[in-house]
Amino acid sequence: IDFPDGALALVDTGQGGRHPAVRELRDLLAARRRAKIDLLVVTHGHPDHYGGLVHLLGEVPIGELWLNGQLLTEERDGAMARLVSSAIALGTRVRFAPELCGTQPAFGDARIEVLWPCPRYDPALGLNDNSITLRVVLGQRSFLLTGDLEAEAERMLVDSGRILPSDVLKVAHHGSRTSSSPPFIAAV
């Protein structure tokens with residue numbers, strides 16, 4: 001996301017390793033003449049959403065990293081904890097859902113509303129249903145970014161009253177049949 005004030009936000013990094021997402025991300029940053037990511041949001045702890053972070057750390061300065069915190073608490077191998085420690089050591093500010101919920105950080109005339117998981121991730125829900133969900137607003141236009149939310153979290157989010165109509169919806173969970181339920185789509 002290129003913001004009006006010149007800041008750059010990236011939502012998820014794609015798969016790491018030999019997956020082409022890392023190469024494409026590097027090429028995209030170079031083509032846009034970007035040497036820094038001001039804000040990186042990792043919606044949730046599945047490798048296809050955060051795997052590229054290991055390749056970005058140390059290559060591209062990252063101002064802030066937003067996480068829901070679930071994987072840090074529940075993971076067994078400590079991979080995310082090592083990534084977060086590395087990010088902090090490189091000067092990245094790490095923020096979690098409880099601190100972000102209800103805030104609307106501004107980037108020039110644009111703002112980001114953190115809608116979910118609020119007030120914090122729910123340990124009874126899986127990683128997908130705890131995806132950080134953002135609404136980016138610029139003037140009268142809004143964009144809803146949903147990570148991998150599935151029908152249960154969509155229902156909870158609609159019931160919370162936080163879903164407002166949006167101009168653009170980035171469909172959840174790669175367009176999976178487990179997401180984009182009719183009540184959620186109607187609310188958006």
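Details of the structure are given in the entry above.
A short tour of the structure in this document, coming up. Along each chain, residue indices are assigned from 1 in the same order as the chain's sequence is written. In view of the model being predicted, local features appear only for residues whose pLDDT reaches at least 70, and side-chain atom pairs are presented and counted only at 80 or more, with totals across whole chains, interfaces and linings using the full set of residues. To get the side-chain values, take all heavy atoms of the structure and skip hydrogens and water.

### Observations regarding the sheet that holds strand S7 (residues 133-138)
- If you trace the five strands from one edge of the open sheet to the other, you get S5-S6-S7-S8-S9, paired in mixed fashion. Of all strands in the sheet, those bounded by a partner on one side alone are strand S5 (106-107) and strand S9 (168-170).
- A pair of strands is treated as paired once DSSP finds two or more bridges between them. For helices the rule is a DSSP run of H or I covering at least 4 residues; for strands it is a run of E covering at least 2, with both sets numbered from the N terminus onward. Pairing of S7 with strand S8 (residues 141-145), which is carried by five bridges, proceeds in the antiparallel orientation. Opposite Arg135, over in S8, you have Leu144 as the bridge partner.

### As for the pattern of salt bridges
- Counted as salt bridges are all cases of a side-chain nitrogen of Lys or Arg within 4 Å of a carboxyl oxygen of Asp or Glu. Enumeration over the complete set of coordinates arrives at 14 salt bridges.
- A salt bridge links Glu113 to Arg111; the shortest N-O distance between them is 3.0 Å.
- Exposure remark for Glu113: the relative accessible area of 8% places this residue in the buried category.
- A relative accessible area of 29% means that Arg111 is categorised as partly exposed. Working definition: with a 1.4 Å probe on protein chains only, accessible area under 20% of the residue-type maximum means buried, over 50% means exposed, and in between means partly exposed.

### Let's talk about the side chain of Arg95
- With respect to the element layout, Arg95 can be found in strand S4 (residues 93-96).
- Here a polar contact is taken to be a pair of N or O atoms separated by no more than 3.5 Å, where protein atoms must pair a possible hydrogen donor with a possible acceptor and residues adjacent in sequence count only if both atoms sit in side chains. At 2.9 Å, the side chain of Arg95 and the side chain of Glu99 are in polar contact.
- Contacts: residue pairs with any heavy atoms within 4.5 Å of one another. Setting aside residues no more than four positions away along its own chain, Arg95 makes contact with Glu64, Leu65, Trp66, Leu67 and Leu100.

### Brief notes about the nonpolar core
- Put simply, a nonpolar core is a bunch of buried Ala, Val, Leu, Ile, Met, Phe, Trp, Tyr and Cys residues held in one set by side-chain atoms that sit within 4.5 Å of each other. Within the largest apolar cluster, 21 residues are counted, with the highest numbers of intra-cluster contacts made by Ile37, Leu40, Leu56, Leu65 and Met80.
- Residue assignment for this core shows that the elements contributing at least two residues are helix H1 (20-31), strand S2 (37-41), helix H3 (53-56), strand S3 (62-67) and helix H5 (79-89).
- With four residues, the single largest contributor to this core is H5.
- Once residues within four sequence positions are removed from consideration, Ile37 is found in contact with Leu8, Leu10, Leu29, Leu56, Val60, Pro61, Ile62 and Gly63.
- With 18 residues, the next largest nonpolar core counts Phe3, Leu39, Ala110 and Cys118 among its residues.

### Quick look at the state of the cysteines
- In what follows, a disulfide is any cysteine sulfur pair within 2.5 Å. In this structure the tally under the stated criterion is one disulfide.
- Covalent S-S linkage joins Cys101 and Cys118, the inter-sulfur distance amounting to 2.1 Å. When the S-S torsion is -90°, as for the bridge of Cys101 with Cys118, the disulfide is left-handed. Here Cys118 lies in the loop between strand S6 (110-116) and S7 and Cys101 lies in the loop between helix H6 (97-100) and S5, a separation of 17 residues in the sequence.
- Owing to a relative accessible area of 18%, Cys101 belongs among the buried residues under this scheme.

By themselves, these are just geometric observations and shouldn't be taken as functional.
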